Amino acid sequence: MRLSRPALGAALLALAVLAVYGASVGYEFVYDDHVQIERNPWLRDPRGPWLFLTRPFWGFYMDRGTEPSNYYRPMFGLLYSLVARGFGLQPAAFHAVSVALHLAVTLLVAYGALRLFSGRRGDVAALAAGLLFAVHPAHAEAVAWIGDQVDPLTAIFVLAALYSYLSRKDRGEGAGWAGPLCYLLACLAKEPGTALLLVLGAVETAEWRREGSLGAAIRRASRRLLPYVAVFAVYVALRLHALGSFSPRSYGVTSSPAGAVAFAGGLFARYLAFLLVPFPARVLASVPTPTLLSPVAIAGLLALGVAFLGLLAAAWSGRARREVFLPLAMIVAFLLPVLMVNSIGGSNFSERYLYLPSIGLAWLCGLLAGRLAEILHGRARKATAALGLALLIALGIAGGARAAIYRSDLTLFRAAVRTSPSSEIARNNLGMALYNRGHLDEAEREYLQARRLDPDAVPPLANLAVLYEKRGDIPRAETTFEEVLRRSPTHTISAVHLARLQRQRGDRAGAIRRLDALFAAGGESYDALVDRADLWLEEGRPDKAIPLLERAVRTFPEYSKGREMLKRARGEEGRAG
C-alpha cells in the first residue's frame, strides 16, 4: 500500500469516498433540512449573503419568535445559497456537494500526512491517513446529512489555514494573507473553526527552540500569530453584532460550575472513546449529566490534565516532534468548543463533532502505518497491509450502513429512538415523520411518549393538537392549541391554526385577537402575517394590510399568495384614494 503517484492515490481515495457515501446522493431532506433549506427565504434573496453575515443563522425562521440563537454561520448560509441558486431545492444537489466536500477534506488530510512524514514513509502515511478519514464511520452524520455539511466546509478552511501557516513558519516568514483569510472563513463557517488558533499557539509553544532563542521565538511567533488573533477579534465583533452577545442562549444543561466541569470531563472521555471505537451509532443523542466524581468525568478530566501536561512538557523541550504533537493538538483543540454543553444543548453528544478531531487521529494512524512499513519486511509487511486493508473495508461497510440512517426522516428518527429511547426530542421527531406518512395512530403514540418523558415540552403538545385537527376532533385540537399558547405565547403554528379554526366557525373577532396577541408577544410567521392581512382586507382596511403583506413578501418572495394579496390590497387602496 504505497502511494507511488499522487493521481493514483487521489483516485483510490475518491473511490473509497464514493463507495461509502455515493448512495447518499439519492437520500431525502431530513430533520433541520426542511427548515434550513426548504423553508429558508434567504437562500434566493439577493440580500441573502448580507443577512447571513449580520443575523443569526436561524434568523429567517420567524416561527421561533424572539428566542435567541447561538449559531452564527455566514459561510454555511452562503454555501446553501449557492447550491440553491445553481440547482434549486433538490436534495440530490445538496447531497452531491456534501460528498464532494468530504472528498476534498480527505485529499487535504492525505496531503497533510504527506507533508508531516517524508520519503517512502510519507507515501504510506498519506494513503493510510486518507483512507481512514474517508471511511471512518463517525463521519456519516457530517456527510450523509445535508444539515451538517458545515463540518466538511469548516475542515477545508481549517486545513488550508493550517498548511499556509506551517509553510510560512518553516520558511521563517510572517503570516501572509492567505492563512488568516482561510481562518476567518473557518470561523464564519462554524464555531469550532475558531479552535485553530489554539493549535497554532500550541505548535509555536512546542517548537520555540527551532527559532534559536526564547526572545526570537516570541518575536517571530507574535508576528505570525497576531494576524490570526486580529481575525478572531473581527469574528467576535461580527458575532456580537449579529447575535447580541457571544452566546446569548443558555440551555441550562448544568446548573453549577462543578456540574459544567463534570459534564465537560464526561463528554471529553466519551468523545475520545468514540473516536477510537465508533460503535454503536449515536444519532441525535443526549448523555446523562455525570457527577464530578463519576468514573467517566474523572477519566475525561484526567485526559484533559494529561493533555495540558503534555503541552507543558513540549514547551519545556521546545523541540517537539510535529508529526506527533500536531495530530494530538488537533484532537484536543477541536474537542474543547463542544464541551460547552450549556451553549449547545439539545443533542449534546453528536458524531459530527468528531469530524475535525478525527483529522488528528487519521494522521496518527498514518504515522503508525509509515513506521510499520519501515520496520517490517517480507511476509510480515504483507500480512500487516492485508490486515489494515481488511480493517478499512470493515469500517467502510459500517460507514455506509450508518450513512443509510439519513436516507429519510423515518429511518433517521427510528434510529434516534433506538439510540436514545428516553429522548423526548427523538420521540417527537419520529412522531412527525410518521404523521407525514399518514400513520396517525403510531404518530400519536410517539407524541404521547415524548410528553411522558418531558411533560413540559411544547413541540409534542403542539404536534398532538395538529394531529387532533387532522382527525377532525376540533374541540380537542382547540383545547390543546390553547394549552400550547399558554406555555409559549410566540408559538406561531398554534396561533395560526387556532385563529383559522375560530374563523371557520364565524368567530372573526376571536381570530383577530389571537393573531394580534401573537404579534404583541413577539411571534411572527408568513402565515400569521397573511392571515391577519386578509382579515384587515375583509374590513376594508388595505392600509393596515399592506405593511403586513410587505413583510410577508420580503420574507418569502417566492410564495404567490402574499404577492397576489399585496397587489390586490394596493389596488383597493388606490381606488379608495
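Owing to the predicted nature of the structure, the values given are computational and were not obtained by experimental measurement.

Draft legend 1. Inspection of the nonpolar core at higher detail. The biggest cluster of nonpolar side chains holds 138 residues, and the ones touching the most others in it are Leu 162, Val 199 and Trp 363. The greatest single-element share of this core, amounting to twelve residues, is contributed by helix H8 (residues 150-170). With residues up to four places along the chain from it excluded, the contact list for Leu 162 reads Leu 196, Val 199, Leu 200, Leu 326, Met 330 and Trp 363. Residues Ala 138, Tyr 271, Leu 339 and Leu 354 belong to the second largest nonpolar core, which totals 19 residues.

Draft legend 2. Geometry of the side chain of Glu 446. In this structure, Glu 446 sits in helix H20 (residues 440-453). Given the relative accessible area of 14%, Glu 446 is considered buried. Not counting the four nearest positions on each side in its chain, Glu 446 is found in contact with Arg 427, Leu 430, Gly 431 and Leu 434.

Draft legend 3. Representation of the confidence of the model for the protein chain within the structure. Averaged over all residues, the pLDDT of the protein chain equals 93, while 97% of them reach at least 70. The spread of mean pLDDT over the elements of the protein chain runs between helix H15 (residues 341-344), the lowest at 88, and helix H9 (residues 178-189), the highest at 98.

Draft legend 4. Local environment of the packing of helix H25 (residues 526-538) against helix H27 (residues 560-576). For the pair H25 and H27, interaxial distance at closest approach is 11 Å and the crossing angle is 30 degrees. One way to sum up the angle between H25 and H27 is to call them roughly parallel. Seen along the crossing, H25 lies across H27 with a hand that is left-handed. Within the contact between the two elements, H25 uses Tyr 526, Val 530, Asp 531, Ala 533, Asp 534 and Leu 537 and H27 uses Lys 561, Gly 562, Met 565, Arg 568, Ala 569 and Glu 572. For the contact of H25 with H27, the class distribution of residues is six nonpolar, one polar and five charged.

Draft legend 5. Examining the environment of Ala 499 more closely. Here Ala 499 shows up in helix H23 (residues 492-504). The spacing of Ala 499 and Ser 423 is 76 residues in sequence and 32 Å in space, taken between C-alpha atoms.

Draft legend 6. How the structure looks around a nonpolar patch on the surface. Residues Val 261, Leu 292, Leu 293, Ile 298 and Leu 302 make up a contiguous nonpolar surface patch of roughly 470 Å² in combined accessible area. Assignment of secondary structure puts Leu 293 in the loop between helix H12 (257-276) and helix H13 (295-317).

Draft legend 7. Seen up close, the packing of aromatic side chains. Scanning the model with the defined rule gives 22 aromatic pairs in all. Measuring from ring centre to ring centre gives 5.2 Å for Phe 57 and Phe 76, while their planes differ by 10 degrees; the resulting arrangement is stacked. Of the two residues, Phe 57 sits in the loop between helix H3 (48-54) and helix H4 (74-87) while Phe 76 sits in helix H4, which places them 19 residues apart along the sequence. Of the two residues examined, Phe 57 and Phe 76, each falls in the buried class. Taken together, a centroid distance of 6.3 Å and an interplanar angle of 35 degrees make the contact between Phe 60 and Tyr 61 tilted. Comparing Phe 60 with Tyr 61, the two get one shared label, buried. Over the aromatic face of Phe 246 sits the side chain of Arg 239, whose NZ or CZ is 4.8 Å from the ring centroid. Sitting above the plane of the Trp 536 ring, Lys 544 keeps its charged end 5.9 Å from the centroid.

Draft legend 8. Quick peek at unusual backbone geometry. Here the residue pair Phe 279 and Pro 280 is connected by a cis peptide bond, since its omega of -10 degrees sits within 30 degrees of zero. For Pro 280, the location among the structural elements is in the loop between H12 and H13. One non-glycine residue with positive phi stands out, namely Tyr 31, at about 50 degrees. By secondary structure assignment, the location of Tyr 31 is in the loop between helix H1 (6-21) and helix H2 (33-38). Since its relative accessible area comes to 21%, Tyr 31 is described here as partly exposed. In this model, Leu 284 sits at a positive phi of 45 degrees, which is unusual for a non-glycine residue. The topology assignment puts Leu 284 in the loop between H12 and H13. By relative accessible area, which is 7% here, Leu 284 ends up buried.

What counts, and at which threshold
- Residues numbered from 1 in each chain as written.
- Predicted model: local features only at pLDDT ≥ 70, side-chain atom pairs only at ≥ 80, totals over all residues.
- Heavy atoms only, no water.
- Core = buried A, V, L, I, M, F, W, Y, C linked by side-chain atoms within 4.5 Å.
- Buried < 20%, exposed > 50% of the residue type's maximum accessible area, 1.4 Å probe, protein only.
- Helix = DSSP H or I, 4+ residues; strand = E, 2+ residues; numbered from the N terminus.
- Contact = heavy atoms within 4.5 Å.
- pLDDT = per-residue confidence, 0-100.
- Axes fitted to C-alpha atoms, helices over the stretch in contact; angles between N-to-C directions.
- Parallel < 35°, antiparallel > 145°, perpendicular 65-115°, else oblique.
- Left-handed = near helix turned anticlockwise from the far one by under 90°.
- Nonpolar A, V, L, I, M, F, W, Y, C, P; charged D, E, K, R; others polar.
- Patch = residues over 30% accessible without salt bridge, like charges linked within 9 Å, V, L, I, M, F, W, Y side chains within 5 Å.
- Areas by Shrake-Rupley, 256 points an atom, 1.4 Å probe, with all protein chains shown as cover.
- Salt bridge = Lys/Arg side-chain N within 4 Å of Asp/Glu carboxyl O.
- Phe/Tyr/Trp six-rings, centres within 6.5 Å; stacked < 30°, edge-to-face > 60°.
- Lys NZ or Arg CZ within 6 Å of the ring centre and 35° of its normal.

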